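# Chains, contacts and geometry: an overview
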Amino acid sequence: MKPLVSADWLAEHLGEPGLVILDGSWHLPADGRDAKAEYAAGHIPGAVFFDIDEIADHTTDLPHMLPAPAAFATAARRLGVEPGSTIVVYDSVGIFSAPRVWWEFRAMGHGAVAVLDGGLKQWIAEGHPVETGWREPAHGEFKAHATPALVAGKARVAEALASGGAQIVDARSAVRFRGEAPEPRPGVRAGHIPGAKNAPFASLIAADGTLKPPEALRSAFEAAGVDLAAPIVTTCGSGVTASILALGLAVLGRDDVAVYDGSWTEWTRRSPPDREQAAPAVGGGDAPGSRRQDP
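Predicted, not measured: the structure shown is a model, and the values here were computed from it. (Residues numbered from 1 in each chain as written. Predicted model: local features only at pLDDT ≥ 70, side-chain atom pairs only at ≥ 80, totals over all residues. Heavy atoms only, no water.)

### Here's the deal with the sheet that holds strand S4 (residues 86–90)
Strand pairing in a sheet takes place through backbone hydrogen bonds and is either antiparallel or parallel in direction. We apply this condition: When DSSP finds two or more bridges between a pair of strands, those strands are recorded as paired. Secondary structure counts use DSSP, requiring at least four H or I residues in a row for a helix and at least two E residues in a row for a strand, with both numbered from the N terminus.
Strand order across the open sheet formed by five strands is S1-S5-S4-S2-S3, with parallel pairing between neighbours. Strand pairing shows two members of the sheet lacking a second neighbour, strand S1 (4–5) and strand S3 (48–49), which therefore form its edges.

Here it is, written out as structure tokens:
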């Protein structure tokens, strides 16, 4: 399945058997928005809400880490997902948090998943209907099959940096990447993973909230010094906007890109000495929280 679908495509297939629509909206706490309340106030007909913070690994204090396959499968079943479901994910911003859900299903072995280009905003702008209330679907029988190649941990990133085996590409804004702006989470240092390249996710998004066309995506990655033929791991603040880079690369035919799940939030925590020496953090000291749009 192609990684992106249009609002017109979704409207044509709305209500078809096997189609599952997920509202994957998520916002930073500082934004003051309630994604669940917004879903109840208006969503694409038939859509169910995927809670990024709830469908996560709760054995760690790192934000919205990918859960174990069994836990993810249980959550997906409650959303009505079947092994043969075609999944379309959207968010209320345009393209922001939906790619995270897209990546999670792919990391769990489900390839029939796409992101709605432009999200709910584009859907409404094109005159398509919305419904209100909370939808509780019948349980599905989804089965998760982990795809480790699409999930990078801290040790894998450190090894890639030490060996040169993969490019680490950071989705955060240039000022955060350079350590000139604070991180949105208290206690997280400013700066970036040494050796990483910076391709801000905003450089992939058009003014209307849709993903830019392939030639513009290619130009954005090439401007960041990314070799599109070489192995890539994407990162960001906490693994959300890193998934936007993975989506953009998938549009360019690179469906093998891994996302560093813990991203910068995990990287800044203390590592074993050998890992610290191989790739120490770069940037300023601890930074206070602030509102940012590239977690």
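Now, onward.
### Observations concerning unusual backbone geometry
Convention followed: Think of it in three bands: residues with accessible area under 20% of the maximum for their type are buried, residues over 50% are exposed, and the middle band is partly exposed, with areas taken using a 1.4 Å probe on protein chains only.
Phi is positive for histidine 64, which is not a glycine, with a value near 35°. Take histidine 64: it is sitting in the loop between S3 and helix H3 (69–78). The buried category is assigned to histidine 64, whose relative accessible area is 3%. Unusually for a residue other than glycine, serine 263 sits at a positive phi of about 50°.

### With respect to the packing of helix H8 (residues 214–223) against helix H9 (residues 242–251)
Keep this limit in mind: Working convention: axes come from line fits to C-alpha atoms, limited for helices to the stretch in contact. Angles between N-to-C directions cover 0 to 180 degrees. When describing relative orientation, an angle under 35 degrees is termed roughly parallel and one over 145 degrees roughly antiparallel, while 65 to 115 degrees is termed roughly perpendicular and anything else oblique. For any pair of crossing helices, the crossing counts as left-handed if the nearer helix is rotated counterclockwise from the farther one by less than a right angle, and right-handed if it is rotated clockwise. By definition in these notes, contact holds between two residues if any of their heavy atoms fall within 4.5 Å. Under this grouping Gly is polar, as are all residues other than the nonpolar Ala, Val, Leu, Ile, Met, Phe, Trp, Tyr, Cys and Pro and the charged Asp, Glu, Lys and Arg.
In contact at an axis separation of 9 Å, H8 and H9 are set at 125° when each is read in the N-to-C sense. Taken together, the axis directions place H8 and H9 in an arrangement best described as oblique. For H8 against H9, the interelement crossing comes out left-handed. Contact with H8, carried on its side by Pro214, Leu217 and Phe221, involves Leu245, Gly248, Leu249 and Val251 of H9 and no other residues of that element. Across the contact of H8 with H9, the residue classes break down as six nonpolar, one polar and no charged.

### Some remarks on the packing of aromatic side chains
Selection rule: A pair of Phe, Tyr and Trp rings is counted when the ring centres sit within 6.5 Å of each other, with Trp represented by its six-membered ring. The angle between the planes then sorts it: under 30 degrees is stacked, over 60 is edge-to-face, the rest tilted. Whether a charge sits over a ring comes down to the Lys NZ or Arg CZ being within 6 Å of the ring centre and within 35 degrees of the ring normal.
Tallied over the entire structure, the rule returns eleven aromatic pairs. Relative to phenylalanine 201, the ring of phenylalanine 96 lies with its centre 6.1 Å away and its plane at 50°, an arrangement referred to as tilted. In this pair, phenylalanine 96 sits in the loop between S4 and helix H4 (98–107) while phenylalanine 201 sits in the loop between strand S8 (197–198) and H8, placing the two residues 105 residues apart along the sequence. The same class applies to phenylalanine 96 and to phenylalanine 201, which are both buried. Consider the rings of phenylalanine 105 and phenylalanine 142, whose centres lie 5.7 Å apart with planes at 80°: the pair is edge-to-face. A residue pair is termed long-range when its members are at least 10 positions apart, and phenylalanine 105 in helix H4 and phenylalanine 142 in the loop between helix H5 (119–125) and strand S6 (151–152) qualify at 37 residues. Note on accessibility: phenylalanine 105 and phenylalanine 142 belong to one class, buried. Among the aromatic residues, those joined into a ring-pair cluster are Phe50, Phe72, Phe105 and Phe142. Positioned above the aromatic ring of tryptophan 267 is the side chain of lysine 154, whose terminal nitrogen or guanidinium carbon lies 6.0 Å from the ring centre.

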